[in-house]
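# Structural description and commentary
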Amino acid sequence: MLELGASFIPFEPDRSSHDGNITRNFFDCSSQRICTMRNNGALGLTSKSLKNDKIMNVRTKDRGEPSTVKFSPDGRLCAMQRTPTTADVVFLEKTETSLCLELTVNTKSKEPLLAVEWVTNNQLLLVNNHSAELLYINEDKKSSKLLKATNVNAAWAIYYAPSQLLLIANGQSCSYLQPFVVTHSQFTRMKGFEVDFGGSISKENFLEKDAAIATIYGRVYVLVFKYSNRNATVLDLYELPFDAATGPSFKHSLILGFNGGCGIHVIDNLVVVHHQASQKSLIFDIRVSSPSKSHSPLVVTTIESHPQHQPPPALYTNFWFTFLPDIVIDSSGGVMYSIRLKNEHAQLEIADKQTMLEYLARRSNEKKLFVTTLLACLKARALSLRQIRKVFAMLTGVTGKSSASENSVENGSGSSQKPVLDCEKYASLAVTQQEMQSSVLIPLREEVSLPESYVANIMLQYLRSLFDAEITPEAYLIEMVVETLAEAGEMSKLQQIVTYRVINDSKPLAFLLLSYEARCSTLFQSGVDILARNKASDEIVEVMLEKKQIVDAFRFIDVRNLNDALIPKVVEAANQHCVRQTRYAIKEHLTEKKAKASLYKSIGDELYTAEEVKGASEEQATCALFEI
Amino acid sequence: MEVEVPGGSEAADTGSEASYKVSQVEIEDVEENLKNADVIFEHLEQLPFQVFILSEFGKPIFVNNDRNEGEIVSLVALICAFVSRCQSWGDSLMTMTSQDNHIQFLHKSPLIFCVVSKYPEQLDQQLEVLFEQICSILSKSQLENVYKKKGDNYDLRKLLRGTDRLIDSSISSWRASPINLVDSSISAIPMNPSDREFLSTTMASCLGAAKLDGALFGIMIARRQIAAMVRFKKYMIHPRDLNIVINLVSDNTLQTDSQNWVPICLPRFNDTGFFYAYISYPWCNKEQDIPVCIVLLSVKRDHFDGLKEVRQQIVTKLENNQKFFVNFAQAMKTPNLYQISQIGSNSESLWSFLYLNHSSKQVCMSASKIPLITRDERWIARSEMRRSSSLSSLHPHLRTLFVRGTKHCLFVWVTDLFSLYCIFGPFVTATIAFQVVEKLLKSLKSHEQRYFIINSTSF
């Protein structure tokens, strides 16, 4: 499920040759660039990145071997630390003839530097044991100026560029972490927190290499390895709040199940832990529901290399260096790789279909894969109705009411505190009703092998999820649900969703229901009810006439006080379908209502002959016996 | 709400009062071969009902169609088997229902009655009436004795010879009479109150003057309706018995100038003995043709001459009152039923009604009115009434009912004092219907002497 090297870039590996030439490589986490220095820059400084093809090639003075090399976001400046207490800013303007200009900066206290990081294109952050200082680098004047300084004890510091977050470790055993947000030339101190790193006699201090910062599902986490002598290593996730007032909290604990060296990646909101000894990679998804804070790996897999690498490179070697988010550097081969997820293999790797679908739904840019997988699962009837409901609820919950509130919580705006921390937003998968219909529901209906009632049930579940999320279903969706229910013969269900107004009234729906009367007579009444609610009186009269319910039609006209224009039509129908008794009653009724005589003259006056009337009266009066 | 109840409040007798000694007749035992007419089986299917009467031992006695004996025997045996089987379980078979056929059984030892009908209403009562009809011919005590004397295999048809048509017309009147919801009610022929008063007093005075010990009742019947009824002292005649008499005198074969002397048992009065009915149709001749029948009932078999005398006196007295007689003849020839238009305005929506006074057991029915004209139309309306009547007897708490049908509306109002069944046009509302009904009751009350016999005169 993991693939190495879909994108890669080669570089010159480290070496110290006999002729005294030394090649050293540095990786800058913040700008994701690998930097190759030959003879400390005197023979050239080359920086490359996987993200763009632009290769920077300059020469600098050889002023000793640097311990770190950091590039400004725009790549025009480079900061090197060549001595413990100072940093040199190199202006990477390409000059054919001369070497790059340099500027040496240091902190006020001249203490050894713990971290040198670019905050913006011209702001450099220096951290030493006692303070963190923000310098402004003037590119034109080649000068520096202290912008801001804050006093803080530091054992070590790591900087997370995407959120401009500085994390400083101090305290006994360095396990108290103090986050700062460096924005607008200011240090904003956030609530610090203690981490449990499993300290023991053999391991007294919490080390920089055991901590990492990553953005997962729109939240910033500090990832901390917790070692234990007895149990396997655990990766703890501490969630940083967006505002400065609340403290970070321990949220998740990923059970690795092994000891020993490993590397972390955070790819597409998944935490991937590579274990060198077992040559396995564990994929964790913290969104997979878990009864406790502990998570087991969702998938245990082995990295495969992209087929473009021939022969395939060795995997999980000692020469591998992993950097967040997805960088693998093979220092012996001199290649920088990226690792990517192959989600199309998820079907094979994740047994539980609901979990698998939820997994796919959470991946970015995998909508098409998700939809096709969902369709395949439904066609194969691999999901129970309950699971289907949950999947649908997840899909509609995104676009529905919850999205607003969830996003606000996710992005911190929901809290009363002003957010100070910023990070990459996580957008949940949104599948519109139209997409649902065209890509899933319609193909399901067309699948002849599936029982119609099953398809109907799926649609009802979808409808239900829309309702739960308070989304108005589109008319075409309702029409399809009604049709499918009717085809499936689920008339009672259809009746219920109409009766309880699950689906909105509309005239087309009413006529659709009327047309199903032959299959379920009660639907007829439902249809008429809808028409009545829509005040479609004329249509109701038409329907009644169609059904030859002429007396009812008249009663309806009376009750609704409809205009006389309908009367001739009803009278006409009465003449065609009604016995003379009814026609007489209609005529009498219209006379009584003082309706215009022209409206009902077609009934005629000669309904009963005088002879008949006389005969009947005689028979009745003399109590003549007769049988029918 | 106070409602005036038209039709009088004098309670009719409902129990049988057998204190008067009645005499016995010996019925001759005549052998005759029954005619086996050709039967059309399909005809039977089309009938709304089919009645079987048989003896407990499976001998057919009466079937209300001319059927081949061979055909009915098997059916009769089946009925007998059903009934006796249930009896052997210590139970009694009442009714069987299939989709649209309702079969009702009545076991009155020594006879078994069975009716098959499309209409389920009041079949049990119908069978009771048939039993009483047979009792009126034989009397209950004779019926019981006959099998003891003659043996189980005796063919009762020998005794009932010639009376099939009475049973037949009893069945028809039940089904086809426009009046009777149940045979325990009668209707009075509409007359001027003063004319009726004169008629009753004349009959009472003539009977009283004759001083015949044992002559108990005098009844004048026209068009299956009662014109006048007089009684001796406190003796009462039950409406069901009266209907047996009506059934008897409506028999066409009797309607001649001559006079008849017929023994008849009135089971509600006394089911062990016989009355003698002096029946005459005084004006049933070519010149006058007034379809009136005078029935004088006595318990003595030798009162024929005395009653003949009384009849002559009545006829003479009536004919002598010229003014009365003209009105009387007119009223008898073409009875003037209650016209719905009499109610007044807004009554057009009322099509037909039937009113039953519970205490006097008298009914009043509206004259026919457009649009209920053809037999079909009237039959449907009447079936509705019959159905709702059966419904209200099944559910005594049901007091008012308004049903909007596709062709008409039905309004039923039942109280302890009366029942009213109305057919309204389809567009009437319950409120309007109720208003019309209230007016109708008022109107009936103000004309009650015309449409009801309020006081039966005694002598």
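First things first, this report covers the structure right here in the doc. Treat the numbers as computed from the prediction; the structure is a model and nothing was measured.

A word on the overall build of chain A. A count of helical and extended segments in chain A gives 17 helices and 32 strands. Counting only residues that meet the buried cut, chain A has 51% of its 628 residues in that class. For chain A, contacts bridging at least 24 residues in sequence account for 52% of all contacts bridging at least 6.

The next point concerns the packing of aromatic side chains. All told, the structure shown has 37 aromatic pairs over all chains when counted by the stated rule. On the numbers, 5.8 Å between centres and 90 degrees between planes, the contact of Tyr-584 of chain A with Tyr-608 of chain A is edge-to-face. Remark: Tyr-608 of chain A occurs in the loop between α16 (597–600) and α17 (610–621) and Tyr-584 of chain A occurs in helix α15 (residues 580–592); sequence separation between them is 24 residues. Both residues of the pair, Tyr-584 of chain A and Tyr-608 of chain A, belong to the buried class. Residues Trp-413 of chain B and Phe-434 of chain B carry aromatic rings whose centres are separated by 5.2 Å and whose planes lie at 45 degrees to one another, so their mutual orientation is tilted. One end of the pair, Trp-413 of chain B, is in strand β15 (residues 409–414); the other, Phe-434 of chain B, is in helix α11 (residues 430–446), with 21 residues separating them in the sequence.

Residues and elements named next belong to chain A. Pairing is antiparallel across the open sheet formed by four strands, whose spatial order is β24-β25-β26-β28. The open sheet terminates on both sides in strands that have one partner only, identified here as β24 (262–267) and β28 (299–301). Sheet twist, expressed as the mean angle between neighbouring strand axes with direction ignored, is 20 degrees. Two strands pair when backbone bridges link them, and β24 and strand β25 (residues 270–275) are joined in this way by six bridges, in the antiparallel orientation. Directly across from Cys-262, in β25, lies its bridge partner His-275.

Looking now at the interface of chain A and chain B. Interfaces are often sized by the amount of accessible area the parts lose when they come together. Between chain A and chain B, the contact holds 27 residues from the first and 41 residues from the second. Its largest share of buried area at the contact with chain B, chain A owes to Arg-555, Gln-620 and Phe-626 of chain A, together 22% of the area lost on that side. Scanning the region where chain A abuts chain B turns up 10 residue pairs in polar contact (both at pLDDT 80 or more). Among the elements of the structure, α13 (550–560), α15 and α17 of chain A are those that each provide at least two residues to the side of chain A that touches chain B. By residue number, the principal contributor to the side of chain A that touches chain B is α15 of chain A, which donates eight residues. Looking at side-chain class alone, the side of chain A that touches chain B contains 15 nonpolar, six polar and six charged residues.

Residue and element names in this part refer to chain B. The end-to-end C-alpha distance of helix α8 (residues 304–320), which contains 17 residues, comes to 24 Å, matching closely the 24 Å that a straight helix rising 1.5 Å per residue would cover. The complete set of buried residues in α8 reads Leu-307, Val-310, Arg-311, Ile-314, Val-315 and Leu-318. Axial view of α8: buried residues confined to an arc of 135 degrees, hence all on one face. Turned more than 90 degrees away from the buried face of α8 sit Asp-305, Glu-309 and Asn-320, all of them exposed. Contact partners of the buried residues in α8: α6 (193–210), β7 (215–222), β9 (259–264), β10 (275–280), β11 (292–298) and α9 (322–333).

A separate point is the sheet that holds strand β23 (residues 249–255) of chain A. Residue and element names in this part refer to chain A. A sheet is described by the order of its strands in space; here five strands give the open sequence β20-β21-β22-β23-β27, paired in mixed fashion. With one partner strand each, in any of the chains shown, β20 (211–216) and β27 (294–295) form the two edges of the open sheet. Alignment of β23 against β27, held across two bridges, turns out to be parallel. Across the sheet, the residue bridging to Ser-253 is Ser-294, located in β27.

The subject of this paragraph is the pairing of strand β14 (residues 400–404) of chain B. Walk down a regular strand and you will see the side chains alternate between the two sheet faces. Residues and elements named next belong to chain B. Summarising the sheet, β14 and β15 pair through five bridges and their orientation is antiparallel. For Arg-404, the partnering residue across the bridge sits in β15 and is Cys-409. Count of turn residues in the β14/β15 antiparallel hairpin: four residues.

Residues and elements named next belong to chain B. Here the structure, examined in full by the defined rule, presents six cavities of 30 Å³ or more. One number sums up the size of the second largest cavity: a volume of about 130 Å³. Ranked by the residues each element gives to the lining of the second largest cavity, the list is headed by helix α10 (residues 375–394), at four residues.

What counts and how
- Residues numbered from 1 in each chain as written.
- Chains lettered and ligands numbered in written order.
- Predicted model: local features only at pLDDT ≥ 70, side-chain atom pairs only at ≥ 80, totals over all residues.
- Heavy atoms only, no water.
- Helix = DSSP H or I, 4+ residues; strand = E, 2+ residues; numbered from the N terminus.
- Buried < 20%, exposed > 50% of the residue type's maximum accessible area, 1.4 Å probe, protein only.
- Contact = heavy atoms within 4.5 Å.
- Phe/Tyr/Trp six-rings, centres within 6.5 Å; stacked < 30°, edge-to-face > 60°.
- Pairing = 2+ DSSP bridges.
- Axes fitted to C-alpha atoms, helices over the stretch in contact; angles between N-to-C directions.
- Buried area = accessible area lost by both parts, 1.4 Å probe.
- Polar contact = N/O pair within 3.5 Å; in protein donor to acceptor, adjacent residues only side chain to side chain.
- Nonpolar A, V, L, I, M, F, W, Y, C, P; charged D, E, K, R; others polar.
- Expected span 1.5 Å × (residues − 1).
- Arc of directions from axis to C-beta.
- 1 Å grid on protein atoms, 1.4 Å probe; cavity = no way out; pocket = protein on both sides within 12 Å on 5 of 7 lines; lining within 4 Å.
- Points joined across faces, edges and corners; volume = space filled by probe spheres on them.

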